[in-house]
Amino acid sequence: MPRRGPDATEHLVLPGVLTAEEAAGTVAAVLALQRPDGSIPWFHGHHLDPWDHTEAAMALDAAGEDGAAARAYEWLARNQNEDGSWYAAYADSGSGGAGDGAFTSTAVPTDAARETNFCAYVAVGVWHHYLATGDDGFLDRMWPVVHAAIEFVLELQQPGGQIGWKREADGTPVEDALLTGCSSVYQALRCALAIAEEREEPQPDWELAAGALAHAITHHPERFLDKSHYSMDWYYPVLGGALTGERATARIAEGWDRFVVPGLGVRCVLPNPWVTGGESCELALTLWVMGQSDRALEVLQSIQHLRAEDGLYWTGFVFEGNIAFWPDERTSWTAGSLLLAVAALGGDEATTAVFGGERLPLGLEPDCDC
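Residues numbered from 1 in each chain as written. Predicted model: local features only at pLDDT ≥ 70, side-chain atom pairs only at ≥ 80, totals over all residues. Heavy atoms only, no water.

Would you mind going over the overall build of the protein in detail, with residue names and values included?
The secondary structure content of the protein amounts to 14 helices and 10 strands. Against the 2.2 N^0.38 benchmark of 21 Å for 370 residues, the protein shows a C-alpha radius of gyration of 19 Å, consistent with a compact globule. Judged by the C-alpha coordinates and their principal axes, the protein covers about 50 × 50 × 40 Å. Out of the 370 residues belonging to the protein, those deemed buried represent 58%. Contacts in the protein between residues far apart in sequence, at least 24 positions, make up 70% of those at least 6 positions apart. In the form shown here, the protein has an accessible surface area of approximately 14,800 Å², with 51% of it arising from carbon and sulfur atoms. For the protein, the separation between the mean place of its 21 positive charges and that of its 54 negative charges on side chains is 2 Å. (Helix = DSSP H or I, 4+ residues; strand = E, 2+ residues; numbered from the N terminus. Rg over C-alpha atoms; globule rule 2.2 N^0.38 Å. Buried < 20%, exposed > 50% of the residue type's maximum accessible area, 1.4 Å probe, protein only. Contact = heavy atoms within 4.5 Å. Areas by Shrake-Rupley, 256 points an atom, 1.4 Å probe, with all protein chains shown as cover. Lys, Arg positive; Asp, Glu negative; His and termini not counted. Charge placed at Lys NZ, Arg CZ, Asp CG, Glu CD.)

Give me the lowdown on the packing of helix α5 (residues 122-133) against helix α14 (residues 349-356), citing residues and values where you can.
Running from N to C, α5 and α14 cross one another at 145 degrees; their axes reach a closest spacing of 8 Å. Handedness of the α5/α14 crossing: right-handed. Between α5 and α14, the residues in contact are V124, W127, H128, L131 and A132 and A350, T351, A353 and V354, respectively. Of the residues belonging to the contact of α5 with α14, the class tally is 7 nonpolar, 2 polar and no charged. (Axes fitted to C-alpha atoms, helices over the stretch in contact; angles between N-to-C directions. Left-handed = near helix turned anticlockwise from the far one by under 90°. Nonpolar A, V, L, I, M, F, W, Y, C, P; charged D, E, K, R; others polar.)

Break down the layout of surface pockets for me, citing the residues and quoting the values.
One number sums up the size of the largest pocket: a volume of about 980 Å³. Taken together, 34 residues make up the lining of the largest pocket; nearest its centre are D52, N117, F118, M232 and E279. Elements supplying a minimum of two residues to the lining of the largest pocket: α2 (50-62), α4 (116-120), α7 (179-198), α9 (231-239), β8 (274-276), α11 (277-289) and α13 (332-345). Residue lining of the second largest pocket: 17 residues in total, with L179, P221, S228, D233 and R251 positioned closest to the centre. Looking at the lining of the second largest pocket, the elements that each hand over two or more residues are α8 (204-219), α9 and α10 (245-259). In terms of residues, the lining of the second largest pocket owes the most to one element, α10, which gives 4 residues. Per-class residue counts for the lining of the second largest pocket are 8 nonpolar, 2 polar and 7 charged. (1 Å grid on protein atoms, 1.4 Å probe; cavity = no way out; pocket = protein on both sides within 12 Å on 5 of 7 lines; lining within 4 Å. Points joined across faces, edges and corners; volume = space filled by probe spheres on them.)

Here it is, written out as structure tokens:
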């Protein structure tokens, strides 16, 4: 059942980050972006992609807006391709806030490539929604969607465990693997395995795939394209759950001074003087995963300069030269990442379970002489 009433968002109140009124304003702003067909674009008139759409849906669940989140997953189910994938981007379906009606028209793709981490992430969202609602019927309806998506993704897994980035629009597989994307896929595989366990439908091939992917992330950085100048490549192996314990602590410590700008947030990419809200919130969530809630709070407090009057957050801020918010956009996924980070710190059970790893199978790692 939807979690309504005065306590629905109490876990979203965080000192120096969100008051109750601000939390309600941000949730309302994300809801206002959702279309009647359930889709959640980046902002009015812009495209949407399956990963950020799912993140925004998860944020709505964390805020107790389970009906709106369910409509977002229904949109994914209606627009899944026959091979289990989704396209990399779709056109905004039109104006209007969330409503009770659901359109059945097919979404219009604007980028016909199919990215593996975009497609896998549905498993994270579906498991999060199930934990938030306990809706067995929802899990039954979404299981074929999740199953087909994971099968599509694993078709691009390489012998070394890493997963190719995407299929081009013409179907050509791109075998190059991205560390950030694969770290996200690893979390998604674990959530998919948790769904399979809940349904008592074992997926041993997925267990092997998850273990091989974790091994590649943990022990074989050479199997991924070098994108180490991006902050996401720094923290995502920890956020996705592949790196834990001392390895996670060492990795975050190694990159801290390169990426974190005290009082402003986290750089998106080196050497650009540009901090971004999404990366900052994801780092905060990563720190929470590591048990460093105080540091996570500090990071979230540092980006309050990105908050706009409408309750959304600017994507980023250029802090040298022509100082300005840039680009000129306030995105659903930036707000969504903040709400999820705050929900984790506030103890929301579904959010802490999905990102903290509770009830998430690890997979079976391969034998390796490394």
